[in-house]
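# Notes for the structure review
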Amino acid sequence: MNDAQDAAVYRGPTDPPATAVLPERHPDAPQPGKGLGTHYAQCFGCGEDRPEGLHLHVRAGEGVSVTAEFEVAPAHQGAPGLIHGGLLATAFDEVMGAVSWMLRIPAVTGRLETDFLKPVPVGRVVHFRAWCAGRAGRKLYHRAEARLDGPDGLLVAKAAALFVSVRLEHFTSNGRSEEVQAVLDDPETYRSLKAFELNP
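Let us look at the structure shown here. (Residues numbered from 1 in each chain as written. Predicted model: local features only at pLDDT ≥ 70, side-chain atom pairs only at ≥ 80, totals over all residues. Heavy atoms only, no water.)

## Observations regarding the overall build of the protein chain
Within the protein chain, the secondary structure is distributed over five helices and six strands. Secondary structure elements of the protein chain occur, N-terminal to C-terminal, as α-β-β-α-β-β-β-β-α-α-α. Sorting the 200 residues of the protein chain into buried and exposed places 42% on the buried side. By sequence separation, contacts in the protein chain at least 24 residues apart represent 64% of the contacts at least 6 residues apart. Per element, the accessible surface of the protein chain, about 10,600 Å² overall, is 52% carbon and sulfur. (Helix = DSSP H or I, 4+ residues; strand = E, 2+ residues; numbered from the N terminus. Buried < 20%, exposed > 50% of the residue type's maximum accessible area, 1.4 Å probe, protein only. Contact = heavy atoms within 4.5 Å. Areas by Shrake-Rupley, 256 points an atom, 1.4 Å probe, with all protein chains shown as cover.)

Structure below.
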């Protein structure tokens, strides 16, 4: 092969392989427009108990997709008056992670790639859309975009990610014991634990 042929064949780690399939929405997934709520109150992305967090409001979308938004607060600054790029990447991670709930498959981030296209000022609302671009075995390939001035507004960033499905043991074996036990003691509060019960 020459360099041009190599480039044409190469797929990056967040690109679905040729064998990937487009998965179908799980029949028990929330209806489009329904809020997903927080999966864990201490989560920096969506948790209600983190005053400095992003407080992302994620809703089920059509098919295997979600939508979300959050307002950029002063605590989210990197450069003066602008969001920290790492926090925008965090928001993408949270929103794309929520796509897996449309499949009822608990998964964790394996790789996340973000393209920052335009500056995002403090005080503005960022609108997200994320969807599944393919599944190959345990690997889920998600995509997302972020816009200002509404869901169809100015495209300011986009992202691609590889998620990997996991079992409950991933968290119980690796998480700090106090937090893990609190979740196990109150399973009705945590939709993440409910999803694991659906996927033993």
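## What to know about the packing of aromatic side chains
Counted by the stated rule, this structure contains two aromatic pairs. Relative to phenylalanine 128, the ring of phenylalanine 70 lies with its centre 6.0 Å away and its plane at 10°, an arrangement referred to as stacked. Of this pair, phenylalanine 70 sits in strand E2 (residues 65-71) while phenylalanine 128 sits in strand E4 (residues 125-136), and the two are 58 residues apart along the sequence. Across the pair, phenylalanine 128 and phenylalanine 70 agree in class, each one buried. Look at phenylalanine 92 and phenylalanine 128: their rings are 5.4 Å apart centre to centre, the planes differ by 85°, and that puts the pair in the edge-to-face class. In this pair, phenylalanine 92 sits in helix H2 (residues 85-99) while phenylalanine 128 sits in strand E4, placing the two residues 36 residues apart along the sequence. A residue is classified by how much of its surface remains accessible, and phenylalanine 92, at 0% relative accessible area, is buried. Over the ring of tryptophan 131 we find arginine 129; its NZ or CZ atom is 4.0 Å from the centre of that ring. (Phe/Tyr/Trp six-rings, centres within 6.5 Å; stacked < 30°, edge-to-face > 60°. Lys NZ or Arg CZ within 6 Å of the ring centre and 35° of its normal.)

## Quick word on H2
Across its 15 residues, H2 extends 22 Å between first and last C-alpha, which sits within 8% of the 21 Å expected from 1.5 Å per residue. Across the 15 residues that make up H2, a large majority, eleven, are buried. Those residues of H2 lying buried are Leu87, Leu88, Ala89, Ala91, Phe92, Glu94, Val95, Met96, Gly97, Ala98 and Val99. Residues of H2 that are buried in the fold lie against strand E1 (57-60), E2, strand E3 (107-116), E4, strand E5 (139-148) and strand E6 (154-165). (Expected span 1.5 Å × (residues − 1).)

## Quick notes on the environment of proline 17
Along the chain, proline 17 falls in the loop between helix H1 (3-9) and E1. You can call proline 17 partly exposed: its relative accessible area is 28%. For the pair proline 17 and glycine 134, spaced 117 residues apart in sequence, the C-alpha to C-alpha distance is 8.3 Å. With near-sequence residues (within four places) excluded, proline 17 lies in contact with Arg11, Ala136 and Tyr141.

## Here's the deal with the side chain of serine 65
Its place among the elements puts serine 65 in strand E2. With relative accessibility at 10%, the residue serine 65 sits in the buried group. Engagement of the side chain of serine 65 in a polar contact is seen with the backbone oxygen of glutamate 62, the distance being 2.5 Å. If we skip the residues at most four places from it in the chain, serine 65 touches Ala60, Met102, Ala130 and Trp131. (Polar contact = N/O pair within 3.5 Å; in protein donor to acceptor, adjacent residues only side chain to side chain.)

## Looking at the pairing of E4
The side chains of a regular strand alternate, first on one face of the sheet and then on the other. In this structure, E2 lies alongside E4, joined through seven bridges in antiparallel fashion. Across the sheet, the residue bridging to phenylalanine 70 is valine 126, located in E4. Relative to E5, E4 is paired through ten bridges, and the arrangement is antiparallel. Each residue of the ladder has a partner; that of glycine 134, found in E5, is tyrosine 141. Here E4 folds back onto E5, and the loop between the two strands holds two residues, one of which, glycine 137, carries a positive phi near 65°. (Pairing = 2+ DSSP bridges.)

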